[in-house]
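Observations on the three-dimensional arrangement
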Amino acid sequence: MKEVGKYNTFKGTSTLLTIGTPIITLACCGDFFVERPATAISAAGVFAILIALLFVKDKLAEKIKTPSAFIISAAVLVIIVVVENILLPMKYVCIATMIASGVDELTFKRMYKALECKMPQCWQAYEHFGFIFAKTQDIFDEVQKEVNNNEEERPES
């Protein structure tokens, strides 16, 4: 698999890991949606959706200085421990999210960040929504064109 394919695979897995964990955990440990009215969503369901949206924002805007998913989950866990009887399912969501975010920090995020360092600077022009929309060969061809243009512009001595 080429660099862009690896990058997109690692980035996608990382995104699914941090976004899907809160929703899946809450769905497993409690009522995600209230069953009485057909259109009502439980408070826990709204909370899980908000956490997932925060992580989506975090994955899409990694360049902006905001707390990571792990830090947000740790802070929310501290608040939930204080009111544990009311928000026990939320405790499970935060613990699972912290674990998933920690795994993400140590594996997939590190992998796609390492690939970013190996790629030429022009790859950022092809990045949209955190993923690279180009073939690896196209990116390296653009670098070769720049090198050739620079060589042509240099006066011969």
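Structure: above.
In this text, all values refer to a predicted model and were calculated from it rather than measured experimentally.

1. Considering the environment of Phe-131
In this fold, Phe-131 is placed in strand 2 (residues 131-132). Each C-alpha atom of the pair Phe-131 and Asn-8 lies 5.7 Å from the other, and the pair is 123 residues apart in sequence. Non-local contacts of Phe-131, meaning those with residues more than four positions away in its chain, are made with Tyr-7, Asn-8, Lys-11, Gly-12, Thr-15 and Tyr-126.

2. Notes on the environment of Phe-47
Here Phe-47 is to be found in helix 2 (residues 43-60). Looking at Phe-47, the relative accessible area reads 26%, which means it is partly exposed. Along the backbone, Phe-47 and Ile-23 are 24 residues apart, and their C-alpha atoms lie at a distance of 9.3 Å. Beyond its immediate chain neighbours, meaning those up to four positions away, Phe-47 contacts Val-76 and Met-90.

3. Concerning a nonpolar patch on the surface
Judged by side-chain polarity, Ile-49, Leu-50 and Leu-53 come together as a nonpolar surface patch covering roughly 260 Å² of accessible area. Checked against the element boundaries, Leu-50 lands in helix 2.

4. Describing the nonpolar core
In this structure, Leu-26, Phe-55, Ile-80, Met-90, Val-93 and Cys-94 are the most contacted members of the largest nonpolar core, which totals 14 residues. Those elements that place two or more of their residues in this core are helix 1 (3-29), helix 2, helix 3 (69-82) and helix 4 (88-106). In contact with Val-93, not counting residues within four places along its chain, are Pro-22, Thr-25, Leu-26 and Ile-51. Core analysis: the next-biggest nonpolar cluster, separate from the first, contains 10 residues, Val-4, Tyr-112, Leu-115 and Ala-134 among them.

Rules used in this analysis
Residues numbered from 1 in each chain as written. Predicted model: local features only at pLDDT ≥ 70, side-chain atom pairs only at ≥ 80, totals over all residues. Heavy atoms only, no water. Helix = DSSP H or I, 4+ residues; strand = E, 2+ residues; numbered from the N terminus. Contact = heavy atoms within 4.5 Å. Buried < 20%, exposed > 50% of the residue type's maximum accessible area, 1.4 Å probe, protein only. Patch = residues over 30% accessible without salt bridge, like charges linked within 9 Å, V, L, I, M, F, W, Y side chains within 5 Å. Areas by Shrake-Rupley, 256 points an atom, 1.4 Å probe, with all protein chains shown as cover. Salt bridge = Lys/Arg side-chain N within 4 Å of Asp/Glu carboxyl O. Core = buried A, V, L, I, M, F, W, Y, C linked by side-chain atoms within 4.5 Å.

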